[in-house]
Amino acid sequence: MKLDDNEKSEDEIQITDINDEIGDKSDQMTFRSSEEDKRIVLNAKERVKNVKESIEKEKTVQMTMEMGSNRKLFTGYITCVLCIVFSIIAIMLYPCYVYMFTVKEHSHLLPSYTLEKSFKEIKSEYSEQYNLSWKIVKSAVKSVLNNAFPESPAVVLLLGMKENENRIKMITNKLAKIIAKSFNESHSEYTDFDLNKLASISDYVEVKKEITKTINTSVEQNKHNVLVIHHLEEIPAKGAMAFHSFCDHENAPYQKVVYLFRACISEMPLKEDSKSFDSIGARFLNQIWEKDLDEDKRNALITRLTTAVAVFK
């Protein structure tokens with residue numbers, strides 16, 4: 001607390017009184033210089049010194065309190081400013097948060113939605129087809145489409161009678177476009193690979209090289225997620241072994257891929273169930289490859305190619 005010019009603190013009055021006392025004692029000492037008088041004067045001076053120190057301490061404490069008060073005001077001001085700044089930043093970043101932790105978290109549902117919508121349309125267009133076949137194809141595709149890191153590619157074997165080949169080829173190509181678009185909304189490109197052109201090559205090593213080259217180019221260079229392989233029945237058995245590694249369930253070189261194999265069969269299933277479809281597919285491939293491949297290799301290859309068998313009329 002500050003004092004007016006005409007006001008004195010109790011300490012200052014005390015100092016004045018002590019100084020007066022010292023003066024009186026000094027006057028008395030002029031006439032007598034006893035040890036007692038000297039002691040009284042020294043004590044008085046010591047009291048003055050103590051009072052002055054007390055005043056200095058009080059001033060120091062007051063200054064410290066004022067500085068602390070100013071520091072608190074400044075700190076409060078800075079805190080208020082920072083709160084406003086952080087609030088503005090939070091408001092600006094909120095849309096990004098929504099995108100990253102809600103849209104992206106469920107982004108795998110978007111291609112699935114596209115697939116579902118497209119499958120409804122193609123099922124409506126070809127309503128005469130087995131409903132089970134659409135389910136088999138869609139389920140196989142979803143295992144890859146909805147998984148960022150699938151363990152194996154989707155391998156689908158599409159079968160149909162020779163007399164219905166044109167219709168089944170058209171369905172296959174439409175399925176390929178639908179699936180490709182589900183992977184990438186901006187385009188529906190896929191690889192169309194007809195094995196008929198390899199049927200005349202007698203050297204199965206060359207056939208395997210051509211198949212391997214086509215698949216590698218399609219996936220690595222063209223960035224295609226869908227490969228359509230027509231006329232599987234035309235490929236030589238030993239040449240077909242090229243598909244063994246690409247369609248492996250555990251160690252396939254490309255996992256984010258859908259292989260649509262198409263082949264013409266000579267019989268249709270007696271009833272609409274997956275067991276009948278699988279049986280027709282396995283029996284058909286055994287018949288066309290049994291002469292050129294031993295049983296172990298043949299079974300291993302057929303197992304990889306018949307994980308999802310769909311039959312079309």
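This one's a predicted model, so the numbers in the text were calculated from it and none came from an experiment.

### Digging into the overall build of the chain
Scanning the chain from terminus to terminus reveals 10 helices and 5 strands. Taking all 313 residues of the chain together, the buried fraction comes to 37%. For the chain, the share of sequence-separated contacts (at least 6 apart) that also reach a separation of at least 24 residues comes to 75%. Of the roughly 19,400 Å² that the chain leaves accessible, carbon and sulfur atoms contribute 54%.

### Remarks on the nonpolar core
Counting 71 residues, the largest nonpolar core has Leu232, Phe243 and Tyr259 as its most contacted members. Ignoring sequence-local partners within four residues, the contact set of leucine 232 consists of Leu157, Leu195, Phe243, Phe261, Arg262, Ala263, Leu285, Trp289 and Leu305.

### Topic: helix α5 (residues 165-183)
Compared with the 27 Å implied by 1.5 Å per residue over 19 residues, the 27 Å span of α5 between its first and last C-alpha is a close match. Listing the buried residues of α5 in full gives Glu165, Ile168, Ile171, Thr172, Asn173, Leu175, Ala176, Ile178, Ile179, Ala180, Ser182 and Phe183.

### Structural notes on the pairing of strand β4 (residues 258-265)
By the criterion of burial, β4 is predominantly enclosed, with 8 of the 8 residues buried. Side chains Val258, Leu260, Arg262 and Cys264 project from β4 onto one buried face, and the interleaved Tyr259, Phe261, Ala263 and Ile265 project onto a second face that is buried too. Pairing geometry for strand β1 (residues 154-161) and β4, over 8 bridges, is parallel. Bridged to glycine 160 within β4 is cysteine 264.

### Description of the packing of helix α4 (residues 131-145) against α5
Relative orientation of the contacting elements α4 and α5 amounts to 30°, with a least axis distance of 11 Å. With respect to α5, the axis of α4 lies roughly parallel. For the pair α4 and α5, the sense of crossing is right-handed. Seen from α4, the contacting residues are Trp134, Val137, Val141, Val144 and Leu145; seen from α5, they are Ile171, Leu175, Ile179, Ser182 and Phe183. For the contact of α4 with α5, the residue count by class is 9 nonpolar, 1 polar and no charged.

What counts and what doesn't
- Residues numbered from 1 in each chain as written.
- Predicted model: local features only at pLDDT ≥ 70, side-chain atom pairs only at ≥ 80, totals over all residues.
- Heavy atoms only, no water.
- Helix = DSSP H or I, 4+ residues; strand = E, 2+ residues; numbered from the N terminus.
- Buried < 20%, exposed > 50% of the residue type's maximum accessible area, 1.4 Å probe, protein only.
- Contact = heavy atoms within 4.5 Å.
- Areas by Shrake-Rupley, 256 points an atom, 1.4 Å probe, with all protein chains shown as cover.
- Core = buried A, V, L, I, M, F, W, Y, C linked by side-chain atoms within 4.5 Å.
- Expected span 1.5 Å × (residues − 1).
- Pairing = 2+ DSSP bridges.
- Axes fitted to C-alpha atoms, helices over the stretch in contact; angles between N-to-C directions.
- Parallel < 35°, antiparallel > 145°, perpendicular 65-115°, else oblique.
- Left-handed = near helix turned anticlockwise from the far one by under 90°.
- Nonpolar A, V, L, I, M, F, W, Y, C, P; charged D, E, K, R; others polar.

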